[in-house]
Amino acid sequence: MGGGVGLSVHGSHRVAGDRFSFAMPEVSIGFFPDVGATWFLPRLPGQLGTYCALTGERLNVADGVAATIATHRVASSRFGDLTDALCGALSVDATLAAFTEPAGEGKLAPNRNAIDRLFKGDRVETILAALDAERDDAAFAKAAAATLRVKSPTSLKLALAQMRAGATLSFQACMQTEFRIVSRVIHGHDFYEGVRAVIVDKDNAPKWRPSTLAEVSDAEIARHFAPLPDRQEWVHEWVAP
């Protein structure tokens, strides 16, 4: 999760062990999916990236492999042997193939079609309306809607805007976008309130401001994505070839 994702998910080979758990829960603390999530989440199959960004749902090893977050599933008990084998003469791909085992079916597998149908909207309000109206997968939709309704409204809209924009941006542009967003978020209210409620006081009762989706304007979201003054656009130089 969080920084751990940033260190691993951009690698070419991502091995998941028995205790693998993936989540991007930043909207729960008034933040936004960072560490390159603007790049990798929109590139997950279907609307899984949007679902993860908005709900903060945890994926187990089976879901992680199905979502392509992990490329290989290897039993944790074999990690020592795998490490030794990777130091041998065989290629990385051949070595991992020898250790990989089936990941099985994840908990999200029965809801994959519902996720793709219900999380395809370009507005959080549209997604919530689809969840509220769902009948075929009513239990899943009701739980997802309830989860969204306790998140920071501003963070939800930022995260969805990221998912839609990031799908067509280069990796460099995605990282620059995240720097622009965080440069505005740190001057706002919700991040500090979310950290207080979830991490410091642990009352899990954040008072978001604004408190409703309707109060978060399109202009306010666009402001977070706008270019910074030239002297602050250092990420461009940092990631440029």
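What comes next concerns the included structure. (Residues numbered from 1 in each chain as written. Predicted model: local features only at pLDDT ≥ 70, side-chain atom pairs only at ≥ 80, totals over all residues. Heavy atoms only, no water.)

### A short note on the packing of aromatic side chains
Consideration 1: Counting across every chain of the model gives seven aromatic pairs.
Consideration 2: Between the aromatic rings of Phe 22 and Phe 40, the centroid separation amounts to 6.4 Å while the plane-to-plane angle is 70°, which identifies the pairing as edge-to-face. In this pair, Phe 22 is assigned in the loop between strand S1 (15–16) and helix H2 (37–40) and Phe 40 in helix H2, connecting sequence segments 18 residues apart.
Consideration 3: Given the relative accessible area of 2%, Phe 22 is considered buried.
Consideration 4: Note on Phe 40: relative accessible area 7%, which makes it buried.
Consideration 5: Measuring from centroid to centroid gives 5.2 Å for Tyr 51 and Phe 119, while their planes differ by 90°, and the two rings are edge-to-face. (Phe/Tyr/Trp six-rings, centres within 6.5 Å; stacked < 30°, edge-to-face > 60°. Helix = DSSP H or I, 4+ residues; strand = E, 2+ residues; numbered from the N terminus. Buried < 20%, exposed > 50% of the residue type's maximum accessible area, 1.4 Å probe, protein only.)

### Here's the deal with a nonpolar patch on the surface
Consideration 1: Residues Val 198, Ile 199 and Val 200 make up a contiguous nonpolar surface patch of roughly 240 Å² in combined accessible area.
Consideration 2: By the element assignment, Val 198 lies in helix H12 (residues 190–200).
Consideration 3: Using a relative accessible area of 30% as the deciding quantity, one classes Val 198 as partly exposed. (Patch = residues over 30% accessible without salt bridge, like charges linked within 9 Å, V, L, I, M, F, W, Y side chains within 5 Å. Areas by Shrake-Rupley, 256 points an atom, 1.4 Å probe, with all protein chains shown as cover. Salt bridge = Lys/Arg side-chain N within 4 Å of Asp/Glu carboxyl O.)

### Quick notes on the packing of helix H8 (residues 124–133) against helix H9 (residues 138–148)
Consideration 1: Interhelical geometry of H8 versus H9 gives an angle of 145° and a closest axis separation of 8 Å. H8 and H9 meet at a crossing whose hand is left-handed. Here Ile 127, Leu 128, Leu 131 and Asp 132 of H8 come into contact with H9, specifically with Ala 141, Ala 144, Ala 145 and Leu 148. (Axes fitted to C-alpha atoms, helices over the stretch in contact; angles between N-to-C directions. Left-handed = near helix turned anticlockwise from the far one by under 90°. Contact = heavy atoms within 4.5 Å.)

### Here we look at the nonpolar core
Consideration 1: In terms of nonpolar packing, the biggest core is built from 36 residues, with Phe 22, Phe 40, Leu 41, Leu 54, Phe 119 and Leu 131 touching the most fellow members.
Consideration 2: Looking at this core, the elements with two or more residues in it are H2, helix H3 (48–55), helix H7 (112–118), H8, H9 and helix H10 (153–166).
Consideration 3: Leu 54 has contacts with Val 27, Phe 119, Ile 127, Leu 148, Lys 151, Leu 156, Ala 159 and Leu 160, leaving out every residue within four places of it along the chain.
Consideration 4: Counting residues in each nonpolar core, the second largest holds nine residues, with Ile 29, Leu 158, Ile 181 and Ile 221 among its members. (Core = buried A, V, L, I, M, F, W, Y, C linked by side-chain atoms within 4.5 Å.)

### What to know about H10
Consideration 1: Relative to the 20 Å expected for 14 residues at 1.5 Å per residue, H10 spans 20 Å between its end C-alpha atoms, a close match to the ideal helical length.
Consideration 2: Three or more residues of H10 are buried, namely Pro 153, Thr 154, Ser 155, Leu 156, Lys 157, Leu 158, Ala 159, Leu 160, Gln 162, Met 163 and Gly 166. (Expected span 1.5 Å × (residues − 1).)

### Some details on the pattern of salt bridges
Consideration 1: In total, this model carries 15 salt bridges according to the counting rule given.
Consideration 2: Glu 193 is the salt-bridge partner of Arg 196, the closest N and O atoms lying 2.9 Å from each other. Of the two residues, Arg 196 and Glu 193 both sit in helix H12, three residues apart, roughly one turn of that helix.
Consideration 3: When its relative accessible area of 22% is taken as the criterion, Arg 196 is described as partly exposed.
Consideration 4: Exposure remark for Glu 193: the relative accessible area of 11% places this residue in the buried category.
Consideration 5: Taking the shortest distance from any N to any O, the salt bridge between Asp 203 and Arg 196 comes out at 2.8 Å.
Consideration 6: The exposure class assigned to Asp 203 is partly exposed, which follows from its relative accessible area of 38%.
Consideration 7: Several salt bridges share partner residues, and in doing so they unite Arg 123, Glu 125, Lys 157 and Asp 218 into one network.

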